[in-house]
Amino acid sequence: MKARYELINMNLTLSNVTLRNSVDSYVLFKASDENNNEVTIKLSHQQADFLEAEFTDLNLRR
């Protein structure tokens, strides 16, 4: 399934991180705005590492 959302003026946080070697390990990524709109994404640690690298690369280009 693919979905595309346009998020404007969102605050990004890692709201919950479980241990990597836990059986059901995951990273919870949350985006919210001042109107209490919220998107929560459950990521594997691999996906979170990839996302972190993408953000790092983006920040370096700015």
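Residues numbered from 1 in each chain as written. Predicted model: local features only at pLDDT ≥ 70, side-chain atom pairs only at ≥ 80, totals over all residues. Heavy atoms only, no water.

**Some thoughts on the pairing of strand E3 (residues 38-43)**
No. 1: Two strands pair when backbone bridges link them, and strand E2 (residues 27-32) and E3 are joined in this way by 6 bridges, in the antiparallel orientation. Residue leucine 28 lies in a different strand from E3, and its bridge partner there is lysine 42.
No. 2: Between E2 and E3, which follow one another and run antiparallel, lie 5 residues, and asparagine 36 among them has a positive phi close to 65°. (Pairing = 2+ DSSP bridges. Helix = DSSP H or I, 4+ residues; strand = E, 2+ residues; numbered from the N terminus.)

**Thoughts on the pattern of salt bridges**
A side chain of one charge can pair with a side chain of the opposite charge when the charged atoms of the two come close.
No. 1: Using the criterion set out here, one finds 2 salt bridges in the structure.
No. 2: With a shortest N-O distance of 3.0 Å, arginine 61 and aspartate 57 are connected by a salt bridge. Within this pair, arginine 61 and its partner aspartate 57 are both found in helix H1 (residues 45-61), separated by 4 residues, close to a single helical turn.
No. 3: For arginine 61, a relative accessible area of 58% translates into the label exposed. (Salt bridge = Lys/Arg side-chain N within 4 Å of Asp/Glu carboxyl O. Buried < 20%, exposed > 50% of the residue type's maximum accessible area, 1.4 Å probe, protein only.)

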